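# Observations on the model geometry
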Amino acid sequence: LRLILLGPPGAGKGTQAVRLVETRGLVQLSTGDMLRAAVKAGTPIGLRAKDIMDRGDLVPDDVVVQIVADRISNEDCAGGFILDGFPRTPGQAAALDRLLAERGLAIDVVIEFKVDEEALFGRIAKRAKETGASPRADDTPEALRKRLAVYHEQTAPLTRYYAEKDKLRSVDGMAPIDEVAAEIDGILRETAAA
Ligand code: AMP
């Protein structure tokens, strides 16, 4: 099973991805996590990405596409994976389709998290508080505003791209975690049956 979780920051993609890893043995590919690891390790990619990430902008397509290309070739991804936070631009979506096609693979389903954006400010503030002494630099109201603007401009158009391919499903990202999980499980059952 290869799926994409699509939605703005704080929509709950990461929470659901972690659950799917536990329940289905899928691999979670979060480009945000991979980039934060690169920043922390001080790699050339990390050095290039840090300021861009801190202000809530997108890292260039070629950088993230390369990261994903390297990662999905790993053996642990053979049984399927969850893309969390990728693709985020039409260019990334096209590159992903090419990468998968070269390997004889395709995305099975894209799950969009629908949310009330004002509520995301509360969620992100909560996450910043819970991460204590080292919150993410982009979990501030200013950076979130920027990340949401970027989401609308660059990422939201992908819903149309996947709807046209008949891959798009959606869940209510404002529902309690267990309910979102149940909705996702229902979608995945349908996908497996199709
Ligand atoms: P996230 O953890 O998904 O919220 O990502 C945090 C930050 O990492 C984003 O605001 C971007 O700066 C960068 N990033 C993560 N994934 C991507 C991507 N697919 N394309 C470009 N930038 C990304």
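Residues numbered from 1 in each chain as written. Predicted model: local features only at pLDDT ≥ 70, side-chain atom pairs only at ≥ 80, totals over all residues. Heavy atoms only, no water.

### Details of the side chain of Arg19
- Along the polypeptide, Arg19 turns up in helix 1 (residues 13-24).
- Of note is the side chain of Arg19, whose polar atom sits 3.2 Å from the side chain of Gln16.
- Apart from the residues lying within four places of it in its own chain, the contact partners of Arg19 are Ala181, Ile184 and Asp185. (Helix = DSSP H or I, 4+ residues; strand = E, 2+ residues; numbered from the N terminus. Polar contact = N/O pair within 3.5 Å; in protein donor to acceptor, adjacent residues only side chain to side chain. Contact = heavy atoms within 4.5 Å.)

### Let's talk about the site of the ligand
- With respect to spatial proximity, 16 residues lie near the ligand, and among them Thr31, Arg36, Asp57, Gly85 and Gln92 are the closest.
- A distance of 2.9 Å is found between a nitrogen atom of the ligand and a side-chain nitrogen or oxygen belonging to Gln92.
- Here an oxygen atom of the ligand sits 3.1 Å away from a polar atom, N or O, in the side chain of Arg136.
- Notes on the ligand: free accessible area 480 Å², of which the protein chains cover 95%.
- The greatest single-element share of the shell around the ligand, amounting to 4 residues, is contributed by helix 2 (residues 31-41).
- Taken together, the residues of the shell around the ligand break down into 6 nonpolar, 4 polar and 6 charged. (Near = heavy atom within 4 Å. Areas by Shrake-Rupley, 256 points an atom, 1.4 Å probe, with all protein chains shown as cover. Nonpolar A, V, L, I, M, F, W, Y, C, P; charged D, E, K, R; others polar.)

### Details of the pairing of strand 3 (residues 81-84)
- With burial as the criterion, each face of strand 3 is covered, one bearing Phe81 and Leu83 and the other bearing Ile82 and Asp84.
- Alignment of strand 1 (residues 2-6) against strand 3, held across 4 bridges, turns out to be parallel. Within the sheet, the bridge partner assigned to Arg2 lies in strand 3 and is Phe81.
- Alignment of strand 2 (residues 27-30) against strand 3, held across 4 bridges, turns out to be parallel. The residue bridging Leu29 from the neighbouring strand is Leu83, located in strand 3. (Buried < 20%, exposed > 50% of the residue type's maximum accessible area, 1.4 Å probe, protein only. Pairing = 2+ DSSP bridges.)

### A short note on the nonpolar core
- In this structure, Val59, Phe81, Leu83 and Leu96 are the most contacted members of the largest nonpolar core, which totals 30 residues.
- Contributions of two or more residues to this core are made by strand 1, strand 2, helix 3 (44-54), helix 4 (61-72), strand 3, helix 5 (90-102) and helix 8 (158-164).
- In terms of residues, this core owes the most to one element, helix 4, which gives 7 residues.
- If sequence neighbours within four positions are ignored, Leu83 has contacts with Leu3, Ile4, Leu5, Leu29, Val68, Leu96 and Ile107.
- In terms of nonpolar packing, the next biggest core, distinct from the first, is built from 16 residues, Leu3, Phe113, Ile187 and Leu188 among them. (Core = buried A, V, L, I, M, F, W, Y, C linked by side-chain atoms within 4.5 Å.)

### Overview of the pattern of salt bridges
- With the rule as written, the count across this model stands at 16 salt bridges.
- Note that Asp185 and Arg19 form a salt bridge whose closest N and O atoms lie 3.4 Å from each other. Of this pair, Asp185 sits in helix 9 (residues 177-193) while Arg19 sits in helix 1, and the two are 166 residues apart along the sequence. Arg19 carries the same exposure label as Asp185, and that label is buried.
- The salt bridge involving Asp138 is made with Arg147; its shortest N-O contact spans 3.7 Å. Note on accessibility: Asp138 and Arg147 belong to one class, buried.
- Taken together, the shared-partner salt bridges in this structure form one network comprising Arg127, Arg136, Asp138, Asp139 and Arg147. (Salt bridge = Lys/Arg side-chain N within 4 Å of Asp/Glu carboxyl O.)

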